[in-house]
Amino acid sequence: MTRADHLLLLIAICSLPLLYAQFWQQQGTASHIQVQAGNAAPVTAPLAADRTLHVHGPLGDSVIEVSKGRARFFSSPCAGQACIHSGWLQAAGDMAACLPNRISLQIVGARPRFDTINF
Amino acid sequence: MTLVRLPAILLLAIVAAACGNNGKSYHDQFFAFGTLIDVTFYDTEPNLAEQASETIAGELQTLHRQWHAWQPGQLTATNALLEQLQPFRGDPAVLPVIREANRLARLSGDLFNPTIGKLVTLWGFHDNALPIGTLPDSQAIAALVAQAPAAADVVIRDGMVSNSNPAVQYDLGAFAKGYAIDRIMERLRALGIENAILNAGGDLRAIGRHGNRPWRVGIRHPRQEGILGSIEIEGDASIFTSGDYERFFEVDGTRYHHIIDPRSGYPADTVISVTVIHGSAATADAAATALFVAGPDHWTRVARSMGVDLVMLVDTGGVVHMTPGMQQRIRFEPGAAPELRISEPLS
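Just so you know, these numbers come straight off a predicted model, no measurement behind them. (Residues numbered from 1 in each chain as written. Chains lettered and ligands numbered in written order. Predicted model: local features only at pLDDT ≥ 70, side-chain atom pairs only at ≥ 80, totals over all residues.)

K.L.:
Can you explain the sheet that holds strand β13 (residues 271-278) of chain B? Please cite residues and give values.
P.N.:
Residues and elements named next belong to chain B. Taken in spatial order, the nine strands make up an open sheet running β1-β2-β6-β7-β10-β13-β14-β15-β17, and their pairing is mixed. With one partner strand each, in any of the chains shown, β1 (25-32) and β17 (340-342) form the two edges of the open sheet. Going across the sheet, the axis of each strand differs from the next one's by a mean of 10 degrees, ignoring polarity. Where β13 and strand β14 (residues 310-315) come together, six bridges link them in antiparallel fashion. (Pairing = 2+ DSSP bridges. Helix = DSSP H or I, 4+ residues; strand = E, 2+ residues; numbered from the N terminus. Axes fitted to C-alpha atoms, helices over the stretch in contact; angles between N-to-C directions.)

K.L.:
A description of helix α3 (residues 74-83) of chain B should follow, citing residues and the corresponding values.
P.N.:
All names here are of chain B. Buried within α3 we find L75, T78, N79 and L82. The arc that holds every buried residue of α3, seen down its axis, measures 100 degrees, which confines them to one face. For α3, the secondary structure elements touched by its buried residues are α2 (46-67), α5 (117-122) and β5 (160-163). (Buried ≥ 20, exposed ≤ 12 C-beta atoms within 10 Å, placed from the backbone. Arc of directions from axis to C-beta. Contact = placed C-beta atoms within 7 Å.)

K.L.:
An account of unusual backbone geometry is requested, with residue identities and associated values reported.
P.N.:
If you check the backbone angles, A:R102 has positive phi at about 55 degrees while not being a glycine. Within the secondary structure, A:R102 sits in the loop between β6 (95-98) and β7 (103-110). For A:R102, a count of 22 C-beta atoms within 10 Å gives the class buried. Although it is not a glycine, B:D110 sits at a positive phi angle of roughly 65 degrees. Topologically, B:D110 is positioned in the loop between α4 (95-107) and α5.

K.L.:
Account for the confidence of the model for chain B, naming residues and giving values.
P.N.:
When pLDDT is averaged along chain B, the result is 92; 93% of the residues meet or exceed 70. Model confidence for the complex is summarised by a pTM of 0.87, with the ipTM given as 0.89. (pLDDT = per-residue confidence, 0-100.)

K.L.:
Go over the pairing of β6(A) with me, naming the residues and quoting the values.
P.N.:
Residue and element names in this part refer to chain A. By the alternation rule, side chains of β6 split into M95 and A97 and A96 and C98, which are all buried. Two strands pair when backbone bridges link them, and β6 and β7 are joined in this way by four bridges, in the antiparallel orientation. Note on β7: the bridge partner recorded for M95 is Q106. Connecting the antiparallel pair β6 and β7 is a turn made up of four residues, with R102 showing a positive phi of about 55 degrees.

K.L.:
Account for α4(B), with residues named and values stated.
P.N.:
Residue and element names in this part refer to chain B. For α4, with 13 residues, the first-to-last C-alpha span of 19 Å sits near the 18 Å given by 1.5 Å per residue. Of the positions making up α4, those classed as buried are V97, I98, E100, A101, N102, L104, A105 and L107. With its phi angle positive at about 65 degrees, G109 sits one or two positions after the end of α4. (Expected span 1.5 Å × (residues − 1).)

K.L.:
So what's going on with the pairing of β13(B)? Residues and values would help.
P.N.:
Residues and elements named next belong to chain B. The element β13 is largely enclosed, with a buried count of eight among its eight residues. Bridge count between strand β10 (residues 235-243) and β13: six bridges; the pairing is antiparallel. When the sheet's bridge partners are listed, G243 is paired in β13 with S273.

K.L.:
Tell me about the domain arrangement of chain B, and name the residues and values.
P.N.:
Residue and element names in this part refer to chain B. Examined at the domain level, chain B breaks down into domain 1 (81-163) and domain 2 (209-342). For domain 1 and domain 2, the distance between their C-alpha centroids amounts to 24 Å. Listed by partner, the interface residues are 23 residues for domain 1 and 18 residues for domain 2. No other element matches helix α6 (residues 138-147), which puts four residues into the side of domain 1 that touches domain 2. Taken together, the residues of the side of domain 1 that touches domain 2 break down into 17 nonpolar, four polar and two charged. (Domains from an automatic or database assignment. Nonpolar A, V, L, I, M, F, W, Y, C, P; charged D, E, K, R; others polar.)

In structure tokens, the structure reads:
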């Protein structure tokens, strides 16, 4: 083998993790939450760390709970409570929103199973 | 060529193709039109994607102001004129959307009825905050139902509008989102965008595809956490769902939601959700409401009349009714396994 062959082989071997991530990693693997309040820039936080987030909106604070790799709206000052009824979100691409309080919660991660969710 | 060179080059080519396919997606999310807008473009130049996203936000804000059912704008001004029962020149900002809503209302046998704004107000859904613990006066509901406001009461000719029913007040809540999405998709195509999903509060239209595969859309379960099934879209299709879980309040343990049956004046109570796939988002939007009101015994007749043949209806018993076409399109999640009732083909 020439030196060029060695280099080519090394690059090819180093690229294997990328190939794994693209083709073999489980679809929908969630890693972070993305929270957006109004049209401000979204904030992300890891799903692995349990926490409670207080997010301020025009009606007051919506409380988002992250626990055991899942996330949900725990409480919100809206009347309809549709965000609460959305329950726990855990797959990449899942999302819920408190429209009156203009706050959205989305699960993000590698290779989401779906490009968008209809509800 | 040595023995290692060819496999290594092949491997690198596969990696390059895989990574290339993964890196061309643009995603944006913002609040507009009273809901959360979620935009995805594929294979679109970043500058064009940003410009398109701004176009969508601007257009939706304009339409929201013009078509809002209770905040002052062109639609509320039109409603005020309708109440006077005198002919008037229609506002071009609302005339086309009203004309199309009237057409679909007639096709639905008035089960999609955009003229029941007064009923919606009575139920308290003309407010960002829903009523808690109170129901509207039953006599007031009965009086409005007896007046039977309908699209046929409004005649539009040469830009002039006349109305013969004082109970008519337009509320485009079951239609405006679909009509707006159709308009915006036309703008996106004019900008040169060929692969996109525009999702407005869970209802969407998708064009093109995601690189070398179709778009994948998850349908959320109407009663449980997670996904009920999924649908792939390639080309151009809208998916709209009307559900009793979207806007509702509870009194003494009974749920009162926002989809009002114009025949009774009360929320339609035989269905949990209806999902419609159609090329036109406006038609899908109106049909989802009409079929929800029609219920499990009559939805096929209304669907045929409205020209929709991809329908899934979940009744209050959890039974899934659907057309053969929808059965071919939807893939239920493992473990969902609902009881199915498949209709006759509708077209």
